[in-house]
Amino acid sequence: MIPQEIIKTKRNGATLSQAEIQQFVRGLTDDSFSEGQVAALAMAIYLNGMSVDEIVALTLAMRDSGTVLNWQGKLNGPVVDKHSTGGVGDKVTLMLAPMVAACGAFMPSIAGRGLGHTGGTVDKLETIPGYSCTQSLEKIQQLLPQLGCVIVGQSSQLAPADRRLYAIRDVTATVESIPLITASILSKKLSEGLDALVMDVKIGNGAIMRTVADASALANSIVNVANGAGVNTRALLTDMNQILGNTAGNALEVMETLDYLTGKYREPRLHQVTLELGANMLMLGGLHKDKASAVAALEHSLSSGKAAEIFAKMVSALGGPVDLIEKPQQYLASAPLVQDIVAPHSGYLQYQDTVGLGMAVVRLGGGRSHPSQQIDPAVGFSHIVPAGSKVQAGDVLARVHAANAGAADLAAKEYLAALRLDDGTEAYPLVHHTIG
């Protein structure tokens, strides 16, 4: 069938067959579909949607456009991963990977870079001197059985069809299509050879999905399609109406991760969401039958020091320093200027524009407005006071880490513009609900 006929079928609102979807994905990889034809079909999908069976077929075809990792007979535990739809200060993967590895699971996490207001796991890890997120699939397959977890960047060998489709969606206003988001996320995640996947779908003024209804629609799509593709999947809808943890910015978030793993400090909301996600990973992977025993195992991975030890081994194996945990100050970049942001008057703290806080980190130099941009690993915010806190005039709400006074002053203004000080508190549940 010629590309025009496939485009016409979806333009008219009909269902694409598995063969038609496979032909489209082949066209993505061998260029037999032109850029205009890909854009036309993406817009037809955006406007008319896809059934679950269509999205499963698209996901599997995109997954199979590259290498699919196969762990059968090579590991003595389940292969699990989690994926977040993105927010500000979300460093959960960094602590969660060694924690679930300490509990007997294996986590080969293929992570991404930041773009826009959301920070990227790869950018955070690359603030560690020598740590290389660019690894061959052979190296990943060698290291995962030894370490229990490997966090690396995306490989050109995994789901190459998605790379071309996403680039075209990005310039044709079709990024927000739930079928295309689902296939994009899952084609990459399922290429890891997973037994189980837990999705962290963020909701709120710092998330891509601002409402529970939109987040639920995406979560249901991902859970239905992933389960249809044969991978046990569950989605948690979690709050992103404020920064997660008490830092935002690459090196600052790595430092918070080290403090978390070693027990120096664990911000309560960050700790709760990490345990919730980890417990579901361990249950879906078949290592624990109930949440209480899974949480206890995760807590023990921290108190015993095993999770910190695994993280240290992973850093060293991927080129980083062997003594990062003992001497973080020696390796992690620090900004030349640190400035307090103080409350202009008293009240209960609420964040009304968490996306704005993420963009403030970008303007400090800690993120990207286009993919080729270089980042400053040292900048960002720390000592962030959580929403709902009662503060007095002059209290420190956060500290800005900047390259110079002008950048610090601008970031402080943007920080204050993103919050309000009310007479009362407005509470959001950290975990709204679970799907799957």
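Higher on the page you've got the structure.
Residues numbered from 1 in each chain as written. Predicted model: local features only at pLDDT ≥ 70, side-chain atom pairs only at ≥ 80, totals over all residues. Heavy atoms only, no water.

**Comments concerning the overall build of the chain**
Right, so step 1: Secondary structure summary: the chain contains 17 helices and twelve strands in total.
Right, so step 2: The C-alpha radius of gyration computed for the chain amounts to 22 Å, which stays within 12% of the reference 22 Å derived for 436 residues, consistent with globular compactness.
Right, so step 3: Along the longest, intermediate and shortest principal axes, the C-alpha atoms of the chain span 70 × 45 × 40 Å.
Right, so step 4: The 436 residues of the chain split such that 57% are buried. (Helix = DSSP H or I, 4+ residues; strand = E, 2+ residues; numbered from the N terminus. Rg over C-alpha atoms; globule rule 2.2 N^0.38 Å. Buried < 20%, exposed > 50% of the residue type's maximum accessible area, 1.4 Å probe, protein only.)

**A closer look at the layout of surface pockets**
Right, so step 1: If you add up the space inside the second largest pocket, you get close to 450 Å³.
Right, so step 2: Around the second largest pocket sit 18 residues that line it, and Leu-252, Met-255, Asp-259, Gln-329 and His-383 are the ones nearest its centre.
Right, so step 3: Of all the secondary structure elements, the ones that give two or more residues to the lining of the second largest pocket are helix H11 (250–262) and helix H15 (328–331).
Right, so step 4: Residue composition of the lining of the second largest pocket, by class: eight nonpolar, seven polar and three charged. (1 Å grid on protein atoms, 1.4 Å probe; cavity = no way out; pocket = protein on both sides within 12 Å on 5 of 7 lines; lining within 4 Å. Points joined across faces, edges and corners; volume = space filled by probe spheres on them. Nonpolar A, V, L, I, M, F, W, Y, C, P; charged D, E, K, R; others polar.)

**Notes on the side chain of Ser-187**
Right, so step 1: Tracing the sequence through the fold places Ser-187 in helix H9 (residues 178–190).
Right, so step 2: Under the relative-accessibility criterion, Ser-187 is labelled buried at 0%.
Right, so step 3: Excluding its chain neighbours within four sequence positions, the residues that come into contact with Ser-187 are Thr-59, Met-62, Arg-63, Ala-159 and Asp-162. (Contact = heavy atoms within 4.5 Å.)

**Considering the pairing of strand E7 (residues 347–351)**
Right, so step 1: The element E7 is largely enclosed, with a buried count of four among its five residues.
Right, so step 2: One ladder, built from two bridges, connects E7 with strand E9 (residues 390–391); its direction is antiparallel. Residue pairing across strands places Gly-347 opposite Val-391, the latter belonging to E9.
Right, so step 3: Bridge analysis of E7 against strand E11 (residues 419–422) gives four bridges, and the strand direction is antiparallel. Within E11, the residue paired with Gln-350 across the bridge is Arg-420. (Pairing = 2+ DSSP bridges.)

**Points about empty space enclosed by the protein**
Right, so step 1: If you walk through the whole model with that rule in mind, you get two cavities of 30 Å³ or more.
Right, so step 2: There is about 160 Å³ of room inside the largest cavity.
Right, so step 3: Looking at the largest cavity, it is lined by 22 residues, and the ones nearest its centre are His-117, Thr-118, Gly-119, Val-361 and Gly-366.
Right, so step 4: Breaking the lining of the largest cavity down by element, the ones donating at least two residues are helix H6 (121–125), H11 and helix H16 (354–366).
Right, so step 5: When grouped by side-chain class, the residues that make up the lining of the largest cavity number five nonpolar, 13 polar and four charged.
Right, so step 6: Taken as a whole, the second largest cavity encloses approximately 60 Å³ of empty space.

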